[in-house]
There are 2 protein chains.
Amino acid sequence: MSDGNAAWLHPEAFRPLGSRRVLVHGAGVLVDTVFDEVARACAAYGGRARRSGEAAAGPTDLAPASASAGAVNADTGPVDAAPSPAGQVDAGTVPTDADADAGPADAGSDTGVDLVLALRDAAWPGAVDGAAPGDEGFLLTRRDDVPVVLADAPAGLLYGLFHLVRLGESAFDATRPPQRHRPATALRMLDHWDNVDVHPVMGQVERGYAGGSIFWRDGAARGDRARLRHYARLLAASGVNAISVNNVNVHATEARLLTGRLGEVAEIADVLRPYGIRVHLSVTFAAPIVLGGLPTADPCDEAVRRWWAATTRRVYARIPDFGGYLVKADSEGQPGPFSYGRSHADGANVLADALAPHGGLVHWRAFVYNHHQDWRDRSTDRARAAHDHFAPLDGLFRDNVILQVKHGPVDFQPREPVSPVLAAMPATRMAVEFQVTQEYTGQQRHVCYLGPAWREVLRFAPWGPGGPSIADVAAGRRGPAGPAEDEPGRDGPGAAGPGAAGPGTDGAGAVGGGLVAVANVGDDPFWTGHPLAQANLYAFGRLAWDPERDPLAVLDEWIGLTFPASATGDPALVRETLHAVMDDSWRCYERYTAPLGVGFMVQPGDHYGPDVDGYEYSRWGTYHFADRDGVGVDRSRATGTGFTSQYPPPWSAVYESAESCPDELLLFFHHVPYDHVLHSGSTVIQHIYDTHFAGVEQVLAMRQRWRALDGVIDAAVYERVAERLDEQVRSAIEWRDQINTYFFRKSGVPDRRHRRIY
Amino acid sequence: MSDGNAAWLHPEAFRPLGSRRVLVHGAGVLVDTVFDEVARACAAYGGRARRSGEAAAGPTDLAPASASAGAVNADTGPVDAAPSPAGQVDAGTVPTDADADAGPADAGSDTGVDLVLALRDAAWPGAVDGAAPGDEGFLLTRRDDVPVVLADAPAGLLYGLFHLVRLGESAFDATRPPQRHRPATALRMLDHWDNVDVHPVMGQVERGYAGGSIFWRDGAARGDRARLRHYARLLAASGVNAISVNNVNVHATEARLLTGRLGEVAEIADVLRPYGIRVHLSVTFAAPIVLGGLPTADPCDEAVRRWWAATTRRVYARIPDFGGYLVKADSEGQPGPFSYGRSHADGANVLADALAPHGGLVHWRAFVYNHHQDWRDRSTDRARAAHDHFAPLDGLFRDNVILQVKHGPVDFQPREPVSPVLAAMPATRMAVEFQVTQEYTGQQRHVCYLGPAWREVLRFAPWGPGGPSIADVAAGRRGPAGPAEDEPGRDGPGAAGPGAAGPGTDGAGAVGGGLVAVANVGDDPFWTGHPLAQANLYAFGRLAWDPERDPLAVLDEWIGLTFPASATGDPALVRETLHAVMDDSWRCYERYTAPLGVGFMVQPGDHYGPDVDGYEYSRWGTYHFADRDGVGVDRSRATGTGFTSQYPPPWSAVYESAESCPDELLLFFHHVPYDHVLHSGSTVIQHIYDTHFAGVEQVLAMRQRWRALDGVIDAAVYERVAERLDEQVRSAIEWRDQINTYFFRKSGVPDRRHRRIY
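Note that the structure is predicted; figures quoted are calculated from it, not measured.

**Comments concerning the overall build of chain A**
Here's step 1: Looking only at helices and strands, chain A has 22 helices and 20 strands in total.
Here's step 2: Residues classed as buried in chain A amount to 63% of the 758 residues present.
Here's step 3: For chain A, long-range pairs separated by at least 24 residues make up 73% of all intrachain contacts whose partners lie at least 6 apart in sequence.
Here's step 4: Accessible surface, chain A as shown: approximately 24,400 Å² in total, 52% of it carbon and sulfur.

Written out as C-alpha cells, the structure reads:
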C-alpha cells in the first residue's frame with residue numbers, strides 16, 4: 001500500500017489466494033475491484049488471475065441451474081474447464097474487461113482454475129439450501145472440488161473475496177460444507193467526527209486519538225487518494241459500507257460541504273465507491289439560513305422544504321449513490337427544530353422528504369439533552385432525556401429516517417445499561433451507535449478491546465430473555481428471530497443465539513437502522529494510534545455484519561489477518577500473547593476506572609485520566625453524588641428520577657431494586673451505602689478497592705506479556721504498543737490511587753487487605 | 001485621548017490646574033512632557049501655560065538659594081514676577097524650547113502666574129526641612145502665595161505635576177504646609193505577561209482578562225503609539241517607572257525580542273520614555289543556544305558570558321536607558337542553570353555582569369518549584385521550595401541582581417502568609433511581586449480591590465511587631481525605619497507606621513529591590529476589562545511609591561480622579577457607593593472562595609470558578625487533603641512539612657501551633673478536624689458555611705448598591721460594571737454552593753442555621 005500500515009490486510013493474508021489460479025466472473029466497478037485484488041495477490045504469490053466478463057461470455061454447459069437444489073451439484077463439470085481464461089496476469093498489471101473476455105480459446109493445461117468468484121447468472125448459478133445470496137450476501141460453495149464464491153450483487157462478491165482471505169488455506173478444504181453469508185443489517189456505518197478546519201478546542205478530529213483526519217487537513221481536502229483507497233479496502237474487508245465524512249458538530253466551514261464544497265465530498269465518494277462504501281454528510285439543521293440565505297430553518301416552512309429538496313437534488317446530480325444526511329440537532333449547542341417549536345419528527349422529515357426521491361437516508365441522532373443542567377437539581381436526569389424526547393414520536397418519522405441512538409443512555413461510558421429508547425419505538429427504524437474511538441475507554445493509549453462490550457449490548461434482550469435482542473432491533477426484527485447468517489461452525493462462547501429461524505425471515509435491510517460507530521482512524525501510520533485499536537474498528541465491522549459472532553473469534557480473525565503465520569517468527573506465541581493482552585482488556589479498563597457503572601469521574605474536557613469530582617458540580621448532568629455515607633445515582637421510580645420506568649419488564653423491575661440490579665450497574669441505578677453487599681459478596685467499598693488494585697495488576701501483567709513479542713513481530717508495531725503500555729500502567733496506577741484515595745477519604749473505611757491507599 | 005478610557009486621568013481632574021496660569025521651568029524630555037500636560041489642560045480650561053527653559057534663562061534675583069533653610073522663604077519675590085513667560089498657549093500647540101525661552105520680555109499684567117513647576121536651580125532653589133527632593137522626589141511648597149513644585153530631576157517634576165492633579169483645588173490652599181515627597185523605592189515595576197504570538201493555550205496575554213495585548217497583536221508589535229502614550233501617562237500618574245513588555249514564559253518568537261526584533265522593543269521604549277518609564281525585557285535563559293547558536297547556555301561557560309555581554313551591548317546601543325532582564329528560570333518548564341549543574345546565583349550573575357556596565361538590572365524570579373509533584377507524597381511541600389532553593393544563595397548575587405519574590409509562598413492566592421524568603425536573604429536585593437491581574441481573585445469579572453491585601457503584606461513584620469516590614473525589605477531597609485515620604489495629613493486607618501525616622505535614612509533605591517506587579521491591562525476600552533479593576537493598577541503604583549499609605553485613602557484618590565465631582569451628577573453618592581462596593585471586596589471574595597487560607601479549589605487551567613478537588617490529585621503541589629474528618633495542610637515542624645521553620649521568630653512559633661495560628665491562615669498551616677474551634681469561637685465547618693453564605697449576601701448587596709449609580713455616572717462604565725456584577729453574583733453562588741456541598745458531603749455536619757446545602 002502506498003500509505004499506512006497494512007492492518008488486517010497483511011499481504012501474507014493473501015498468500016493462499018494469490019498462489020492459486022483464480023477466475024473472476026462478472027462485470028461492474030466492484031467486480032473490477034475484486035479482480036484487482038486477486039490480480040495483485042497473484043502477482044505477489046505466483047498465482048494466476050483470470051477474468052470472464054458479462055454472463056453471456058461464460059459457457060452455459062458448465063453451469064447447470066440449481067437455484068432450488070439443496071447443495072451445489074457435485075456432478076457439475078470440472079472447474080478446470082471454466083470459461084474465459086485470461087492467462088497469467090503479470091505483476092501489477094490489471095487486464096481490462098476486453099482482455100479478460102478473451103474467451104475459452106486460451107484454455108489448456110496452464111489455465112486450470114483453483115477458485116472462482118462469480119456473479120450469479122446462467123453461467124454461474126447456485127444456491128445454498130435453496131437460498132440465494134441476497135443483496136450483499138454471497139455463497140461459498142464448491143464445484144468439482146474447486147471453491148466457488150457466488151453473489152448476486154457485486155458488493156457480495158467483494159465481501160466473498162474478503163471472506164476467502166479470512167479463511168486462508170481452510171477455504172480450500174474439500175470438506176468445508178456450503179455456506180450462505182449475508183449481513184444482519186444493510187447499514188454498517190462509520191461516523192467520522194472530522195473537522196475540515198482545525199477546531200480551536202477539538203482540533204482536526206473531535207475525540208480523535210490517531211493524528212489528523214484522513215479526509216481533511218487545515219481547511220481543505222487532503223486529496224490523498226491512495227491512502228483513502230487503502231482505507232476503503234480495509235473497511236470493505238471488515239464489512240462497513242457507509243461513511244460520514246465530517247463531524248456531527250457542523251461548524252461554518254463544514255456546513256459548506258453540502259453546497260459550495262460538494263466537489264470535495266464527491267471526490268471522496270469516487271475513491272470509496274469501488275469498495276462498496278457510500279458517502280454520507282453531517283449537515284447543520286440551520287443550513288437553509290447559513291447556506292441558503294433564508295430567514296428561517298423552520299422545517300414546516302415551504303421555502304425551507306424547497307431549499308432542502310433543491311439542494312439535495314444537486315447533491316445527487318454530483319454523487320448519484322450519495323448515502324444521506326447525518327444530523328445532530330438541538331444538542332450541545334447545535335441548531336434544531338426546537339427553535340421553531342417543531343418536533344424532531346418534523347425536523348427529520350423535511351430532510352427525509354428531500355432525500356426520498358433519490359434513495360437517501362436521514363440519520364437523526366437521539367443524543368438530545370439539557371447540557372446546561374444545574375447540579376443542584378437532583379430531579380433532572382440526563383439518562384432520561386432521549387426517551388423523554390423521542391419515545392412519544394414513534395411512528396411519526398418517514399420510512400427513510402433512522403433514529404441513531406447511543407448504546408447507553410448517557411455517553412459511551414465503559415459501562416452503561418442499554419438505552420431504553422432502543423426498546424421504545426417499534427415503528428421507527430433504529431440504529432445503535434457505538435464509539436470505536438476510545439473517548440472514554442483509554443483514548444487509544446490503553447488497550448481496550450471493545451468487542452465484548454458491544455456484544456453485551458447487541459445481545460441484550462430488552463423484553464427479557466428469549467425475546468428479541470438489540471441486534472434484532474437494529475436489524476428491524478422485533479419478534480424472536482435468529483441470526484441473519486447461517487454459517488455453520490460458529491463455535492465461540494458467544495455463539496448461542498436467541499433462537500434459530502431460517503434465512504429469509506428477517507428482511508433486515510428493509511426496515512432496520514443498522515449499526516453505526518464513531519470512527520477511530522486518523523492519519524497515524526498505524527491508522528488508530530495504538531496498533532491494537534485496529535481490532536476495534538475491525539470488530540465493529542464484523543459485528544455489524546454478524547452481531548451473533550463471538551467477539552473473541554473476531555479478535556482471533558483479526559490476529560490471523562494482521563499477524564499472519566507466514567509473517568511472524570512464532571505464530572502461536574503471537575496469537576496467545578495477543579489474546580492474553582486483549583481478550584479481557586475492556587473489563588480490565590472497567591476495573592481500574594469509575595466503579596459499578598457510575599460513569600464519568602474523568603478529567604473534564606479531554607476525558608482522559610481520573611478526576612472523581614471533575615463533573616460533579618458541572619452543567620453536564622453526569623454526577624455520582626458520593627458523600628461520606630454512600631455513592632451512586634438513585635434512578636428508581638420509588639425514590640429517584642424514575643429512569644427505571646423507561647424500560648419494559650422485566651428490566652424495569654430488575655433495575656428498580658438495588659437487590660436485583662446487576663452489580664456492574666448498581667451505582668448507575670442506585671445510591672447505596674459503602675457497606676452495601678453486592679451479589680459478589682463484597683461490599684461496595686471493598687469492591688472499589690479490590691477491583692482497582694486488581695486492574696493495575698492486570699495491566700502490569702499485560703505489559704509483561706507483551707514483552708514476549710519483542711523480536712517476534714514487526715519492530716515498529718512492537719515498540720508503539722510497548723510505549724503505550726507504559727502509559728497505560730502509569731495511567732491505571734493514577735486511576736487506582738485517585739479512586740481509592742477519594743473513597744477512602746470520604747468513607748473512612750480501611751481496606752480489609754491493608755494495601756496502600758493515600 | 002486617542003484611545004482608551006480616561007481612567008484616573010479624567011480631563012476634569014485637570015480643571016484646577018488647567019484654569020490657572022502655570023509656569024514650567026526646566027529642560028529635557030520629561031519637562032517637555034510636563035509642559036505638554038499643562039498646556040493641554042490650560043487649553044481645555046482657559047488657563048495659560050508658560051515655559052522657561054534652561055536654568056540660565058531664569059532671573060536669579062527671584063530665587064534666593066535656601067537649600068539649608070527650614071521652610072520656603074516667605075520673603076521671596078512675588079511669583080507674578082516669575083521669569084520667562086511664554087504667553088498663552090494655544091490649544092494643542094506645544095511651544096518649542098526656543099519659543100518657551102522667549103525671556104521676560106512678555107511679562108505684564110496678563111502674564112501673572114498661579115503655579116510654578118520648576119527644576120531646582122539657582123533660579124528656583126528650595127528645600128523642605130533642609131532636605132532636597134531627591135532623585136524622583138519633589139517639594140510642594142509656596143512662594144508669595146503661589147504653589148511651587150520643585151524637583152531635582154525631570155521625573156520628580158512629572159510626579160509633582162500628577163500630585164497636583166490629585167490634590168485638585170486643595171493644592172492651592174494657602175494654609176497647606178510645605179511637603180517633601182519621595183518614593184519609598186526606586187523600582188516600581190509592572191510585568192506584562194504578554195505574548196507576541198498568540199499562544200495556543202494562554203492566548204495573547206497569559207492570565208490576561210482585558211482583551212489583547214496593548215503591545216502585541218498576532219505576532220507583531222501593534223505600533224499604536226497613541227494608546228501606548230496614554231498608558232504611559234496613566235502609569236506615571238500612579239508612580240510606576242518600569243515595565244517589562246513580554247511574558248516571563250518566553251516562547252520562540254518572544255525570545256527574538258532580545259536580538260532580531262529588538263527594534264520593536266526600542267519603539268515601545270521611545271513612547272514610554274517621556275513618561276519616565278524604562279523598558280525591561282523577559283529573556284529566556286536558553287538565549288545563547290536558541291538565539292546565539294552556542295552549544296550550551298551554561299552560565300560558567302566563557303562563550304556564554306561573552307554572548308550575553310555582546311548581546312547586551314547591542315541592546316544598550318539601541319535603547320540607552322534599557323532597564324534590564326527579567327528571568328523565570330528552571331520554573332514550570334522554562335530553562336535555567338539547573339540544566340548545567342549551576343546555581344541560580346551563577347545564572348543570574350552572568351546576566352548581571354553583562355548588564356552592569358550599562359546600569360541595567362536583572363530581575364530573577366524566585367518562583368522555582370517542582371511542578372511535577374506526586375500528590376501521594378505528603379512530605380514534599382511546594383510552599384517550601386523558594387526558600388529551599390534561594391536562602392542558601394544569600395550574598396552570592398551581584399549588586400544589580402534583584403530577587404523577585406511572589407508575596408506568598410505558593411501562587412497569588414487571595415490569602416497566603418507572606419513568603420519567608422523575603423525575610424531570609426539580608427544580603428540580597430529583594431523585590432516583592434504582586435499580581436494586579438486577578439488570576440485568582442475573580443479575573444476582572446469580580447470586584448476585588450486588592451489594596452488592602454497588599455497593604456497587609458507590606459506591613460507584615462517578619463521579625464515581629466516593631467521590626468522592619470516587608471515594605472522595608474523591598475526598600476532595602478533592614479533596621480527599624482519610617483516612611484520614605486514625610487507628607488503630613490496621612491490619616492487613614494492604615495497610616496500608623498512601624499516607626500518614624502526622619503527622611504534621608506533610607507537610601508531605598510540604592511539597595512532595595514522595589515515592588516513589582518503582574519499587569520492587568522489589555523486592549524480593552526476600559527484598559528482592565530472591569531472598570532473598577534483600574535483601581536488595582538492605580539493602587540499598586542501608589543503603594544509602591546508609599547507603602548504606608550492607607551489603601552482606602554488611595555481608593556478615595558482614585559475615585560476622585562476617575563469620577564471627578566465636576567463630571568458626575570452626585571459626587572457624594574458616587575464616592576459613597578464606590579466605597580461601599582469596593583472597600584471590603586477583597587475580604588468578600590475571600591469569604592465565598594477557598595476557606596481559611598487553604599487556597600486553590602479553583603478550576604484547573606483557567607483558574608476561574610470553583611473546583612474543590614480540581615488540583616487535589618494533580619502534579620502542581622496545591623492540595624487541601626480534605627477527608628471525612630478534617631481539612632488543611634500540616635506544615636508544622638512537629639508533624640508536617642516543616643515549612644513553619646522557614647520563618648524567623650516569632651512567626652515560626654505563631655504558625656507552628658494551631659492554637660496561635662491566625663484563623664485566616666489556619667488551613668494553610670494545619671490539618672484540623674471540622675469541629676476545631678477558631679479564635680472567632682466558631683468551628684471550622686460552621687465558619688465555612690457562615691462565610692460562604694455571608695459572602696454571597698455581600699455580593700448581592702454590592703450589586704444592589706451599584707444600581708444607585710444608574711444615570712449618575714458614564715453609562716458605558718455603569719453598564720459594564722453592572723453586567724460584571726451579575727456574573728459575580730452567579731459565580732459567588734456557585735462558589736458558595738460547591739464549597740458548602742463539598743464539605744457537607746464530606747463532614748456530614750449540618751449547618752447550625754439550617755440553610756440550604758445541596
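**So, the packing of aromatic side chains**
Here's step 1: Within this structure, the stated rule accounts for 62 aromatic pairs over all chains.
Here's step 2: These aromatic residues form a ring-pair network of at least three members: Phe460, Phe643, Tyr647, Trp651, Tyr655, Phe668 and Phe669 of chain A.
Here's step 3: The cationic tip of arginine 227 of chain A hangs over the ring face of tryptophan 527 of chain A; the distance from NZ or CZ to the ring centre is 4.0 Å.
Here's step 4: In this structure, arginine 445 of chain B packs its charged tip against the face of tyrosine 608 of chain B, placed 3.7 Å from the ring centre.

**Quick look at the interface of chain B and chain A**
Here's step 1: Contact residues are listed per partner, giving 22 residues for chain B and 23 residues for chain A.
Here's step 2: Of all residues in chain B, Arg376, Arg628 and Arg745 of chain B give up the largest surface area on contact with chain A, accounting jointly for 36% of the area buried on that side.
Here's step 3: Run the count over chain B and chain A and you get six salt bridges.
Here's step 4: At the surface where chain B touches chain A, the tally comes to 17 residue pairs in polar contact (both at pLDDT 80 or more).
Here's step 5: Considering only residue class, the side of chain B that touches chain A consists of seven nonpolar, four polar and eleven charged.

**Observations regarding the sheet that holds strand S1 (residues 21-25) of chain A**
All names here are of chain A.
Here's step 1: With mixed pairing, the six strands of this open sheet are ordered in space as S2-S1-S3-S5-S4-S6. On the outer flanks of this sheet lie strand S2 (48-52) and strand S6 (179-181), each paired with one strand and no other. Sheet twist, expressed as the average angle between the axes of neighbouring strands with direction ignored, equals 20°.
Here's step 2: The sheet contact formed by strand S4 (residues 138-143) and strand S5 (residues 146-151) spans five bridges and is antiparallel. Across the sheet, the residue bridging to arginine 142 is proline 147, located in S5.
Here's step 3: Each of S1, S2 and strand S3 (115-119) is contacted by helix H2 (residues 29-45), which is oriented at about 160° to S2, the strand it contacts most.
Here's step 4: Taken strand by strand, helix H4 (residues 154-167) contacts S1, S3, S4, S5 and S6, and its axis lies near 160° from that of S3.

**A few points about the packing of H2 of chain A against H4 of chain A**
Angle between the axes and distance between the axes: these two values describe a pair of packed helices.
All names here are of chain A.
Here's step 1: Relative to each other, H2 and H4 sit at 20°, their axes nearing to 8 Å. Considering their axes alone, H2 and H4 lie roughly parallel with respect to each other. The hand of the H2/H4 crossing is left-handed. The residues of H4 that touch H2, namely those facing Leu30, Val31, Thr33, Val34, Glu37 and Val38, are Pro154, Ala155, Leu157, Leu158, Leu161 and Phe162.
Here's step 2: Classifying every residue of the contact of H2 with H4 by side-chain character gives ten nonpolar, one polar and one charged.

**Notes on the relation of the copies chain B and chain A**
Here's step 1: Of the two same-sequence chains, chain B is brought onto chain A (RMSD 0.1 Å, axial shift 0.1 Å) by a rotation of 180°. When the rotation and shift are considered jointly, the pair of chain copies conforms to a two-fold rotation axis.
Here's step 2: The overlap is high: 100% of the interface residues of chain B also sit at the interface in chain A, so the same surface is used on both sides.

**Section: the pairing of strand S15 (residues 361-365) of chain B**
In regular strands, side chains alternate between the two faces of the sheet.
Residue and element names in this part refer to chain B.
Here's step 1: Of all five residues making up S15, five are buried, and the element is well covered by its neighbours.
Here's step 2: Alternating positions in S15 separate into two faces, Leu361, His363 and Arg365 on one and Val362 and Trp364 on the other, with burial throughout.
Here's step 3: Here strand S14 (residues 324-327) runs beside S15; their pairing, made up of four bridges, is parallel. If you follow leucine 326 over to S15, its bridge partner there is histidine 363.
Here's step 4: The parallel pair S14 and S15 is bridged by helix H10 (residues 344-355), and the resulting crossover is right-handed.
Here's step 5: Where S15 lies against strand S16 (residues 401-406), four bridges are found, and the strand directions are parallel. Bridge pairing links arginine 365 to glutamine 404 in S16.
Here's step 6: Each parallel crossover has a hand, and for S15 linked through helix H11 (residues 385-390) to S16 it is right-handed.

**A few points about the sheet that holds strand S6 (residues 179-181) of chain B**
Hydrogen bonds between backbone groups are what pair the strands of a sheet, and the pairing can be parallel or antiparallel.
Residue and element names in this part refer to chain B.
Here's step 1: In space, the six strands of this open sheet follow the order S2-S1-S3-S5-S4-S6, with mixed pairing throughout. Since the sheet does not close on itself, it has two edges, and those belong to strand S2 (48-52) and S6, each with one partner. Averaged over all neighbouring strand pairs, the angle between strand axes comes to 20°, with direction disregarded.
Here's step 2: Relative to S6, strand S4 (residues 138-143) runs antiparallel, the two sharing three bridges. Residue pairing for S6: phenylalanine 138 is matched across the bridge by histidine 181.
Here's step 3: Across the sheet, helix H4 (residues 154-167) touches strand S1 (21-25), strand S3 (115-119), S4, strand S5 (146-151) and S6, and the angle it forms with S3 is around 160°.

**As for the nonpolar core**
Here's step 1: Residues Leu117, Tyr231, Trp308 and Trp364 of chain B are the most contacted members of the largest nonpolar core, which totals 209 residues.
Here's step 2: Non-local contacts of tryptophan 308 of chain B, meaning those with residues more than four positions away in its chain, are made with Leu258, Val283, Thr284, Phe285, Ala287, Pro288, Tyr325, Val350, Leu351 and Ala354 of chain B.
Here's step 3: Counting residues in each nonpolar core, the second largest holds 205 residues, with Val362, Met430, Cys588 and Leu725 of chain A among its members.

**Looking at the state of the cysteines**
Residue and element names in this part refer to chain A.
Here's step 1: Counting across every chain of the model gives zero disulfides over all chains.
Here's step 2: Not part of a disulfide, cysteine 588 finds its nearest cysteine sulfur in cysteine 448, a span of 8.5 Å.
Here's step 3: Overall, the relative accessible area of 0% leaves cysteine 588 in the buried class.

**Considering helix H10 (residues 344-355) of chain A**
Residue and element names in this part refer to chain A.
Here's step 1: Compared with an ideal rise of 1.5 Å per residue, which puts twelve residues at 16 Å, H10 spans 17 Å between its outermost C-alpha atoms and is within 8% of the ideal.
Here's step 2: Within H10, ten of the twelve residues are buried, which leaves it mostly tucked inside the rest of the structure.
Here's step 3: When H10 is considered as a whole, its buried residues turn out to be His344, Ala345, Gly347, Ala348, Asn349, Val350, Leu351, Ala352, Ala354 and Leu355.
Here's step 4: Of the surrounding elements, those touching the buried residues of H10 are helix H9 (302-318), strand S14 (324-327), strand S15 (361-365), helix H11 (385-390) and strand S16 (401-406).

Rules used in this analysis
Residues numbered from 1 in each chain as written. Chains lettered and ligands numbered in written order. Predicted model: local features only at pLDDT ≥ 70, side-chain atom pairs only at ≥ 80, totals over all residues. Heavy atoms only, no water. Helix = DSSP H or I, 4+ residues; strand = E, 2+ residues; numbered from the N terminus. Buried < 20%, exposed > 50% of the residue type's maximum accessible area, 1.4 Å probe, protein only. Contact = heavy atoms within 4.5 Å. Areas by Shrake-Rupley, 256 points an atom, 1.4 Å probe, with all protein chains shown as cover. Phe/Tyr/Trp six-rings, centres within 6.5 Å; stacked < 30°, edge-to-face > 60°. Lys NZ or Arg CZ within 6 Å of the ring centre and 35° of its normal. Buried area = accessible area lost by both parts, 1.4 Å probe. Salt bridge = Lys/Arg side-chain N within 4 Å of Asp/Glu carboxyl O. Polar contact = N/O pair within 3.5 Å; in protein donor to acceptor, adjacent residues only side chain to side chain. Nonpolar A, V, L, I, M, F, W, Y, C, P; charged D, E, K, R; others polar. Pairing = 2+ DSSP bridges. Axes fitted to C-alpha atoms, helices over the stretch in contact; angles between N-to-C directions. Parallel < 35°, antiparallel > 145°, perpendicular 65-115°, else oblique. Left-handed = near helix turned anticlockwise from the far one by under 90°. Least-squares fit on C-alpha atoms with pLDDT ≥ 70 in both. Right-handed = clockwise from strand over helix to strand, strands pointing away. Core = buried A, V, L, I, M, F, W, Y, C linked by side-chain atoms within 4.5 Å. Disulfide = S-S within 2.5 Å. Expected span 1.5 Å × (residues − 1).

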